[in-house]
Amino acid sequence: MRAEKPQRPGKEAAGSRHEPGVVRQTVPAEAESIGPQTQPLMEEVLRRETLTTALKRVQANQGAPGIDGMTVDELPAYLRKAWPSIREQLLNATYEPAPVRTVYLPKPGGGTRMLGIPTVLDRFIAQAILQVLGPIFDPDFSARSYGFRPGRSAHQALQQMCHDIEEGYRWVVNLDLEKFFDRVNHDMVMSRVARKVKDKRLLKLLRRYLNAGIMQDGLVSQREAGMPQGSPLSPLLSNVLLDDFDQELERRGHRFCRYADDANVYVRSQRAGERVMASLTRFLEERLRLKVNRSKSVVDRPWHCTFLGYTVTNHLRPRLKPAPRSVIRAKDRIRRITHQGRGRHIRTVITEINRFTRGWVGYFRLSTVKHQFEGLDQWMRRRLRKILWEQWRKPRTRYRKLVAMGLEVERARKATATGRGAWWNAGASHMHAAVNNRVLAEWGLLSLLDQLRDMERST
């Protein structure tokens, strides 16, 4: 039987829509009557404090110029001159956002992903709108929605996933929404925004942002569906649309985690998962007019799937670890750094590697399985030894360097006469003896495993 739809009592003061069994905090009726959605919101958007914060956010995010070529650094001077006219257009509902500039980025699994880059002026205005609309919509989003929300993170979603698996929900319905940001139906989004936003000027501006043209190869085409991923508003609007999906899952009593358009539903059996997959596919395609990629959506064990770059072990208490694809992507990134480093000083290459590995370990610090970190450390050191072998080039140079680094004369002579390639020599015992882990650490190389252990000790 389906779970009954939970009663939704008074308005929450803060936080997110409750999970079953949790009492919601309410606010007095008089506070309800003066909620932000009853105010003229365009004036809120154009308040000096809102605009000042928005400008700081845009400057902090930096980002590439749009079709007009204006950079973030040039924006303040432009606003000082042109803002009175722009403000008047916004108040009169006559402002027209510029078309977005399209760039194509490679996807980790192959193919490309289109990214729409608005002008810095449009990013500034969109950021101000986000700061006003966010507090209106976010408190009523599901507690199991974690993407692009203040105070919520991918790590919280992963911890919730482990909790559900530990409670016996050891099958996952992994839903893949095909080209979500390119297929979003504008009418669907706007009808849901209009449930809370009554300022017609702001609604018209949001519609124009969604309809803003796309410039490609110098030609502008109209956008009939989708929204630019480079806009500050896109994450909020995607959550507004997919909140209907969250409500449906809650109504049915499902365990789930959603991070933006990446959604997993946890069930107790494969048969239940297949039933849930079929019904949710119908809901998404018929009710929200989205497209489920059937070739990528699966019902499987969680330890055979990837969620937010992680996977889990099959223990009763699952342990998090980087998914195989995440390790492959890390190797690809280090491979690019070291490939570019053949003409640079080894310490410069190490500095760039450290910059990448700090962020990578920071994201994967929830992992309690260490062997991927150890394997990456070994592979990374071998890449650096390969650079040195290639930089030394001539046999006599290699002989001299190996001896200078403490290798016995006879062993160094034999090592330079093998005729083997750089990768083989990088993994051979003579390079391990001459350029050992201690030497690489003295040159500044940070071990991924050591970084992970430092983070574990500090938390």
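Residues numbered from 1 in each chain as written. Predicted model: local features only at pLDDT ≥ 70, side-chain atom pairs only at ≥ 80, totals over all residues. Heavy atoms only, no water.

### Digging into the overall build of the protein chain
Then, number 1: Along the backbone of the protein chain there are 20 helices and 10 strands.
Then, number 2: For the protein chain, buried positions account for 49% of its 459 residues.
Then, number 3: When contacts within the protein chain are restricted to residue pairs at least 6 apart in sequence, long-range pairs at least 24 apart make up 72% of them.
Then, number 4: Accessible area of the protein chain: about 23,300 Å², with a carbon and sulfur share of 50%. (Helix = DSSP H or I, 4+ residues; strand = E, 2+ residues; numbered from the N terminus. Buried < 20%, exposed > 50% of the residue type's maximum accessible area, 1.4 Å probe, protein only. Contact = heavy atoms within 4.5 Å. Areas by Shrake-Rupley, 256 points an atom, 1.4 Å probe, with all protein chains shown as cover.)

### Here's the deal with the pairing of strand β1 (residues 100-106)
Then, number 1: Two strands pair when backbone bridges link them, and β1 and strand β4 (residues 214-216) are joined in this way by 2 bridges, in the parallel orientation. Paired with Arg 101 across the two strands is Met 215, which belongs to β4. (Pairing = 2+ DSSP bridges.)

### Quick notes on the packing of aromatic side chains
Note on aromatic pairs: each is described by the distance of the centres and the angle between the planes.
Then, number 1: Counted by the stated rule, this structure contains 10 aromatic pairs.
Then, number 2: For the pair Phe 180 and Phe 181, a centre-to-centre distance of 5.1 Å together with 80 degrees between the ring planes defines the contact as edge-to-face. As far as burial versus exposure is concerned, Phe 180 and Phe 181 are alike and both buried.
Then, number 3: Residues Phe 245 and Phe 283 carry aromatic rings whose centres are separated by 6.4 Å and whose planes lie at 35 degrees to one another, so their mutual orientation is tilted. Of this pair, Phe 245 sits in helix α10 (residues 234-252) while Phe 283 sits in helix α11 (residues 270-287), and the two are 38 residues apart along the sequence. Side by side, Phe 245 and Phe 283 carry an identical accessibility label, which is buried.
Then, number 4: The structure contains a cluster of three or more aromatic residues connected by ring pairs, namely Tyr 310, Trp 360, Tyr 363, Phe 364 and Phe 373.
Then, number 5: Its guanidinium or amino end placed over the ring of Tyr 169, Arg 268 lies 4.2 Å from that ring's centre, counting from NZ or CZ.
Then, number 6: Arg 420 extends its terminal NZ or CZ atom over the ring of Trp 424, reaching a point 4.7 Å from the ring centre. (Phe/Tyr/Trp six-rings, centres within 6.5 Å; stacked < 30°, edge-to-face > 60°. Lys NZ or Arg CZ within 6 Å of the ring centre and 35° of its normal.)

### Brief notes about the sheet that holds strand β7 (residues 262-267)
Then, number 1: The antiparallel open sheet is built from 4 strands, whose spatial order is β6-β7-β3-β8. Each edge of the sheet is formed by a strand with only one pairing partner; in this case those strands are β6 (255-259) and β8 (298-300). Averaged over all neighbouring strand pairs, the angle between strand axes comes to 15 degrees, with direction disregarded.
Then, number 2: For β6 and β7, the ladder comprises 5 bridges, and the chain directions are antiparallel. The residue bridging Arg 255 from the neighbouring strand is Tyr 266, located in β7.
Then, number 3: Across the sheet, α10 touches β3 (171-176), β6 and β7, and the angle it forms with β6 is around 170 degrees. (Axes fitted to C-alpha atoms, helices over the stretch in contact; angles between N-to-C directions.)

Taken by themselves, the reported measurements are silent on function.
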